[in-house]
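Architecture and fold: a report
Here is how the chains run, residue by residue.
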Amino acid sequence: MKTSLDTIYRKDYKAYPYKIENVNLTFDLSPEITRVCNIMDICCKLDSFDNILHLNGEDLELISLSVNGKLLNNNQYTLTSKTLSIHNFPKKATMKIVSQCKPNINSVLMGLYISKGNFITQCEPEGFRRITWFADRPDVLSRYRVTIRASKDFPILLSNGNLIKKEILSDGRQEVQWYDPFPKPCYLFALVAGNYIVNETYLNNYKNRNILLQIYSSPDSTNKTQWALDSLIQAIQWDEKYYGLELDLERFMIVSVHDFNMGAMENKGLNIFNSAYVLANSETATDSDYENIQSVIGHEYFHNWTGNRITCRDWFQLSLKEGLTVFRDQQFSAAIAASDFEGSFANSVYAVKRIDNVINLRAEQFAEDESPLAHPIRPESYSEISNFYTETIYEKGAEVIRMLHTLLGNVRFLEGMKEYFRKYDGKAATCDDFLNIMEFFYIKYNPGKNLSAFHQWYLQAGTPKVKVTIDHCKIKKSCVITLEQSCKPVGIEQNKINNKKPYHIPFSIGFLDHQGNSIPLILKGSPPSETVLLELSKPIQRWVFEDISDKPIPSLLRNFSAPITVDYSYTESELYLLCLHDKDLFSRWESVNKLASHKILNLAKQITQNPILVNNKFIKIWEQLLTDSTLDPSYRARILSLPEEKTLSKYMKPIDTPSLLKAIEILESIIGNKLSNLWERIFNNINNYKNDNVTYSYISAGYRALKNLALYYLVASDNSNGKILAQKQYEKSDNMTDRIAALSLLINFYNEDLAIDALERFYEKWNHDPLVIDKWFSLQARGRNTDVKKIRKLMNHPKFDWHNPNRVRSVIFQFCMHNTYGIHQSDGSGYEYWIEQVLILDKINPEIASRLARAFDNWSYFTDKFRYPMKKSLEYLYNYPNLSKNVSEVIFKTLEFSYEGEVEF
């Protein structure tokens, strides 16, 4: 490998020897050269004295350096491209560093940079070192006072905390001063300067404090921030009510930014957001956009406590703040969606949200857990920390927190959270700190039990598999359920002896009889219940249920109580019964999903056979679910959607991409054909129902989802009316959800002339709106007929911008990571295209490039036709000189820790 990689290990953690109690920053802003004066009060910790002070810095020009008012000469410090070390540093001192940076040429979008003429910062994880020399690590907490000076071209000047001063200087520039009274790590520092409009309101919180809430956005975004503001108010009030946590500043600000590497950033009191997660109205945003905005607004606000007031000690503990906060934002989104409903309908809302969580987890995180880059939610090592903002850290991390919530129950979990906030407020904590508190409350209420095996979720990678065996004794009327767990070595674990230890797995089950009725479950010494939580903490365990006359049909892993796979051989008739009668709505969806998955995988094996048949009983299940008015529209839209190719590929080894895609298309066509009259009736009934059709709400979104699913099946079946209905919807729709759904169908199922005409008219109407044009690019990049030639042509469009991450993601990422038809070309041109884009992006923005580099994580599971060209492409990058650390680490691990044994179907 041409690029050397230094590895950082969790076991080598040492506390920083100095406290930096106060930081006083002064910015003289200019796009070409910004001068930063950094004055720090530093003292040595009593228990560790090191007379060399080490600071981090990148792409900075040092102007002057003084300690206690005395300028230092070159012999008193050592300066490299990445560090500044001051020799013979006293135990206590005030140090002043004056430096310069160049925001206008900062294309990595870390540190201080320019976006659409405005100054923006991004400091997590290691961007603050691009602003000034500092101890750029999360366990150094300081209070910040920030002075910003800029010309009148930048009328809005913002930073963390509370505004304490604002004036016009004698030279005509503005000066403002902000003070944040709460100690924070430097990765939470933020500065924004530019031309913005603001949508603001005051909120009277539960302690009767008036708090100013502000959403800043570009002048062309009028009337697009109200949903974000409403979502912020909901998040604040929900956190107060559910967790008893208050907003602790006089104001809370969100700034919408067009050029941003991430989704959003939780900087204390000054959240900076990718505009995609702020701006929305019914004409420009889809229902998914609205839901994502609400979720991300909640997520970043909830970080105020789980991430800011309590931060992580080091970056190995990243899931401490991210996994916990994802769990909290999932709770919030489900609670808000269900707040208008009661009883079974509210239960359906919670089920829909849980299904959405699990679909994403299986498609993205389960794949990561099988890949060469698999890692525990608390990694043991890394070369580039930016590469560890992964689905495992976030989504699996949230599932681990959810398991603790399940094991403790809501009341005791909240007790644990309250103690966590009490004990670690204002500190940098670890995953063990959190888990130890939860374990204390678990033991307190479960004498004789512990969570020792639960620690393995933090120590081991991979997705555990639980094999279920059921033995029924008709004479004793008893049923023995046996759970046996295993977890194969993955990623870096493959180079070690397989000594993985058992996990503590909460496994929720129910039983149904052969008429579909729930069977009360009776464990010895426990009252009867329709759902029982089994706690599997050994390699194999057994439980005996009493008073069960006939062998039951099990409903397994209800509500997806653990992020695992289940090995149990259902008969087809058992799945049919569960599809129609399981009271646990998640498990009911799961049964339909399994049934569809079996059909698709079997079709993929028989793809050359003709005719291909699907039995009527399978179609009857679809018909009964589609016409079941007791199920809300959102739930029906989920349960009647076929599983995605990315999820199915986990169960197909080796992965034969063309056969799998063809099998999905065949089943879509059969379901569409067999139920065409019903799909058309559903479509027309909903289409004629205009109540709250444009404005987003959970119920209106559900109707749109079901209507567009009906339209999809009609079009996929080549129904003669499908084309007419799709064209009409595109022309007449009064919301972006329906318009995008129709346009996608025109692109993917009909002749190119029809698609081109629709795309041209769409562009003509929306070319002024960057987020809508991202959708326009994305639809084409993912199109079934888009090959390398077409994607290159799309990149030549004047609206394509290499320096805008959203635009890069909407074109290059969509093609390389979501267009299976286009990227896996038989001539290898798709892989050559991927190599080119990784190399170009690596010179511009290594963080974005490294994410694209992960397109072929699971290359070794494909058939030889695809795996060998993919491997060759990875090896080309492996041997390419001067790659960034970001990309080098991904390529090295993808090749080094890949699975190259025999793969089985």
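The preceding data block contains the structure.
Bear in mind that the values here come from a model prediction, so they are computed numbers and not experimental data.

Counted according to the given criterion, the structure contains five cavities of 30 Å³ or more. Of the voids in this model, the second largest cavity is the one considered here, and its volume is about 60 Å³. Residue composition of the lining of the second largest cavity, grouped by class: three nonpolar, three polar and three charged.

To continue, consider the packing of helix α3 (residues 318-338) against helix α4 (residues 343-370). As a packed pair, α3 and α4 sit with axes 9 Å apart at the nearest point and diverge in direction by 145 degrees. As for how α3 packs across α4, the hand of that crossing is right-handed. Contacts from Gln330, Ser333, Ala334, Ala335, Ala337 and Ala338 of α3 reach α4 at Ala346, Val349, Tyr350, Lys353 and Asn357. Taken together, the residues of the contact of α3 with α4 break down into seven nonpolar, three polar and one charged.

Here we take up the pattern of salt bridges. Across all of its chains, the model carries 59 salt bridges by this definition. Of the charged contacts, one joins Lys224 and Asp769 as a salt bridge, the two residues approaching to 2.4 Å between their closest N and O atoms. Separated by 545 residues along the polypeptide, Lys224 in the loop between β18 (210-217) and α1 (226-243) and Asp769 in the loop between α19 (752-766) and α20 (770-781) bring together distant segments of the chain. For Asp769, a relative accessible area of 6% gives the class buried.

Scanning the model with the defined rule gives zero disulfides in all. Here Cys43 is not disulfide-linked; the sulfur of Cys44 is the nearest cysteine sulfur, at 7.7 Å.

Let us look at the environment of Ser676. With respect to the element layout, Ser676 can be found in helix α15 (residues 676-687). Remark: the alpha-carbon pair of Ser676 and Leu595, spanning 81 residues in sequence, is separated by 21 Å. Residue contacts for Ser676: discarding those within four places in its chain leaves Leu714 and Asn719.

This brings us to the packing of helix α14 (residues 657-674) against helix α16 (residues 698-716). Relative orientation of the contacting elements α14 and α16 amounts to 105 degrees, with a least axis distance of 7 Å. Compared by their axis directions, α14 and α16 come out roughly perpendicular. Residue-level contacts link Glu668, Ser669, Ile671 and Gly672 of α14 to Tyr712, Tyr713 and Ala716 of α16. Of the residues assigned to the contact of α14 with α16, the class counts are four nonpolar, two polar and one charged.

Reading the values: rules and limits
- Residues numbered from 1 in each chain as written.
- Predicted model: local features only at pLDDT ≥ 70, side-chain atom pairs only at ≥ 80, totals over all residues.
- Heavy atoms only, no water.
- 1 Å grid on protein atoms, 1.4 Å probe; cavity = no way out; pocket = protein on both sides within 12 Å on 5 of 7 lines; lining within 4 Å.
- Points joined across faces, edges and corners; volume = space filled by probe spheres on them.
- Nonpolar A, V, L, I, M, F, W, Y, C, P; charged D, E, K, R; others polar.
- Axes fitted to C-alpha atoms, helices over the stretch in contact; angles between N-to-C directions.
- Helix = DSSP H or I, 4+ residues; strand = E, 2+ residues; numbered from the N terminus.
- Left-handed = near helix turned anticlockwise from the far one by under 90°.
- Contact = heavy atoms within 4.5 Å.
- Salt bridge = Lys/Arg side-chain N within 4 Å of Asp/Glu carboxyl O.
- Buried < 20%, exposed > 50% of the residue type's maximum accessible area, 1.4 Å probe, protein only.
- Disulfide = S-S within 2.5 Å.
- Parallel < 35°, antiparallel > 145°, perpendicular 65-115°, else oblique.

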